[in-house]
2 protein chains.
Amino acid sequence: MAEKISFSTQIFSRVRLATESDVSHLHKLMYQMAKYHNYTKVFNATKASITTNLFKSDNPCPPFYSVTAFILEVSSDSFPQNTLKNPIFDPILKIVNLDSPILDSDLELFRTSNNISSILSEVDNKPLSSDNNVLVAGYVLFYPCYSGYFEKPGFFIENMFVRECYRKCGFGKMLFSAVASQAIKLGFTKVDWLTVGWNENAIDFYLGMGAYIMQDVKRFRLCGDGLDAFATNDQDGGDMV
Amino acid sequence: MAEKISFSTQIFSRVRLATESDVSHLHKLMYQMAKYHNYTKVFNATKASITTNLFKSDNPCPPFYSVTAFILEVSSDSFPQNTLKNPIFDPILKIVNLDSPILDSDLELFRTSNNISSILSEVDNKPLSSDNNVLVAGYVLFYPCYSGYFEKPGFFIENMFVRECYRKCGFGKMLFSAVASQAIKLGFTKVDWLTVGWNENAIDFYLGMGAYIMQDVKRFRLCGDGLDAFATNDQDGGDMV
């Protein structure tokens, strides 16, 4: 049995832009989030589809102009502070002090891949002593949104997830804060998201952050045969009365 | 007083990709939609901001990869059927048969601009006889969305609006259908949107189209000082406990 990383008093944490080498971890995190929301029956994301949609699609848009993911990492060792300046997004580093110890029973599943370690080493220009002590703990998935009512666009947060053993440590706020900072950097004036009505913990969390619930809305979807029928209806060339 | 275009038995209609020459009409439509939703107090879109966000921003993304607008036009004369093939989106043409006549009291405000007329003339390679008989009647504003649960992205419809005198004629369905067709063309598997809970007409309309209401959600927003505070909090370099 592999050693478990135990965080007894503090955690070094980092939020950074996801790269293609994170796809395997993203897929596991997305599945865990779907499980939390009882959505596994419809979950059909694959590592290939995540790669296509986030990193290799025909989509010509760079990060922040289309769907973008941030990865939350934790470590018992400090991250290199000055070596990871990124032209697109400078990673955000935080030290989190713990009220009680954390044992991560899934650490082998979420250890940061060698690819990332080697990237870090290259940037740092020396081997990292903590190669195997970096774990993926969560993610946030978001994209720009724009309403004709407003002068500026915003970000819409589609998914935000922190693995269970790392909750109640401020990491959700850290992920959210990374998105909010980037919004302000781009001149965006709002961050929007949806929360399911039964998730009282999440609702309390967001209200506590200073967010507000907008007017009562219904969330609609058209998909599958219903969507196909609509497109066919459109292509039949007939009159629409 | 200008003549009013009266549609007695049928309307020729077209849905096409919006261009920069539509900004003035888009701005008026957006304001009318905000008024319908009692949102004029927060409405701050300007012609300049619409131009920036839709047509001239630093956003390097082409239509359908970021925020995109379709324009609904109506005319008492037929649109040129074969001359407006567009490499990005072929306009959709429909003839709508009316149950009762329509008088458009705002026709001077929504007459298609000379710019568009001249574009049409160029494409058609001859002057259009109906230069001044094309009116803007509505729009839809949408952008791609992506959830980590699913293999494929979708479109999110942010605004859809048909001017009052043109309602109940199938134009909402025609605008929606244009988005649905494009979704399918791109391999997208869903179209999502929100509707305010009080808008029973809209809810009935969407349910009648085969769409379904997803689970109960709360719509959250962080903006203004709340958003600024969050970004500042993130930049202070302090620990986040």
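Presented here is a report on the structure given in the accompanying data block. Keep in mind that what you see is a predicted model, and the values were worked out from it rather than measured. One numbering rule holds for all chains: residues counted from 1, following each sequence as written. Throughout, the order in which chains and ligands are written sets their labels, letters from A for the former and numbers from 1 for the latter. Only residues with pLDDT of 70 or above have their local features reported here, since the model is predicted, and side-chain atom pairs are shown and tallied only from 80 upward, although totals for entire chains, interfaces and linings are computed over all residues. With hydrogens and water excluded, all non-hydrogen atoms of the structure serve as input to the side-chain values.

### Regarding the sheet that holds strand S4 (residues 92-97) of chain A
Sheet strands line up and pair through hydrogen bonds in the backbone, either parallel or antiparallel.
Here is step 1 of the chain: Only strands that DSSP links by at least two bridges are regarded as paired with each other. Only runs of H or I of at least four residues qualify as helices and only runs of E of at least two qualify as strands under DSSP, and these elements are numbered from the N terminus. As summarised here, the arrangement of the eight strands in space is S4(A)-S2(A)-S3(A)-S6(A)-S7(A)-S8(A)-S10(B)-S9(A), forming an open sheet in which the pairing is mixed. Unpaired on one side and paired on the other, S4 and strand S9 (212-213) of chain A mark the two borders of the sheet.
Here is step 2 of the chain: As judged from the three bridges shared by strand S7 (residues 154-162) of chain A and strand S8 (residues 190-196) of chain A, these two strands associate in the parallel manner. Paired with A:Ile157 across the two strands is A:Trp193, which belongs to S8(A).
Here is step 3 of the chain: This element, helix H4 (residues 171-185) of chain A, spans strand S2 (10-17), strand S3 (68-75), S4, strand S6 (134-145), S7 and S8 of chain A together with strand S10 (217-223) of chain B of the sheet and lies at about 160° to S7(A). Every residue pair with non-hydrogen atoms within 4.5 Å of one another is taken to be in contact. For helices, the fitted axis covers only the stretch in contact; all axes are lines through C-alpha atoms, and the angles between them, taken along N-to-C directions, range from 0 to 180 degrees.

### Here we look at helix H1 (residues 23-36) of chain B
Residues and elements named next belong to chain B.
Here is step 1 of the chain: The span expected for a helix works out to 1.5 Å for each residue beyond the first. With 14 residues, H1 should reach 20 Å at 1.5 Å per residue; the first-to-last C-alpha distance of 20 Å fits that figure.
Here is step 2 of the chain: Of the residues making up H1, those classed as buried are Val-23, His-25, Leu-26, His-27, Leu-29, Met-30, Met-33 and Ala-34.
Here is step 3 of the chain: Elements in contact with the buried residues of H1: helix H2 (47-56), strand S3 (68-75), strand S6 (134-145) and strand S7 (154-162).
Here is step 4 of the chain: Asn-38 sits one or two residues past H1 and shows a positive phi near 60°. Burial status follows relative accessibility: with a 1.4 Å probe on protein chains alone, a residue under 20% of its type maximum counts as buried, one over 50% as exposed, and anything between as partly exposed.

### Considering the state of the cysteines
Here is step 1 of the chain: By disulfide we mean two sulfur atoms from cysteines, separated by a distance within 2.5 Å. In the structure shown here, the tally under the stated rule is one disulfide over all chains.
Here is step 2 of the chain: Between the sulfur atoms of A:Cys61 and its disulfide partner B:Cys61 the distance amounts to 2.2 Å. In this pair, A:Cys61 is assigned in the loop between helix H2 (47-56) and S3 and B:Cys61 in the loop between H2 and S3, connecting two distinct chains.
Here is step 3 of the chain: With a relative accessible area of 11%, A:Cys61 lands in the buried category.
Here is step 4 of the chain: Counting only cysteine sulfurs, B:Cys145 is the nearest neighbor of A:Cys145, a cysteine outside any disulfide, at a range of 11 Å.

### Concerning the relation of the copies chain B and chain A
Here is step 1 of the chain: A least-squares superposition brings the copies together, and it is based on the C-alpha atoms of residues with pLDDT no lower than 70 in both. It takes a turn of 180° to lay chain B on chain A, together with a shift of 0.0 Å along the axis; the resulting RMSD is 0.0 Å. In short, the pair behaves as if placed about a two-fold rotation axis. For chain B, the minimum C-alpha distance to the rotation axis belongs to B:Cys61 and amounts to 2.6 Å.
Here is step 2 of the chain: Comparing interface residues between copies, 100% of those in chain B also sit at the interface in chain A, which points to an isologous, same-surface contact.

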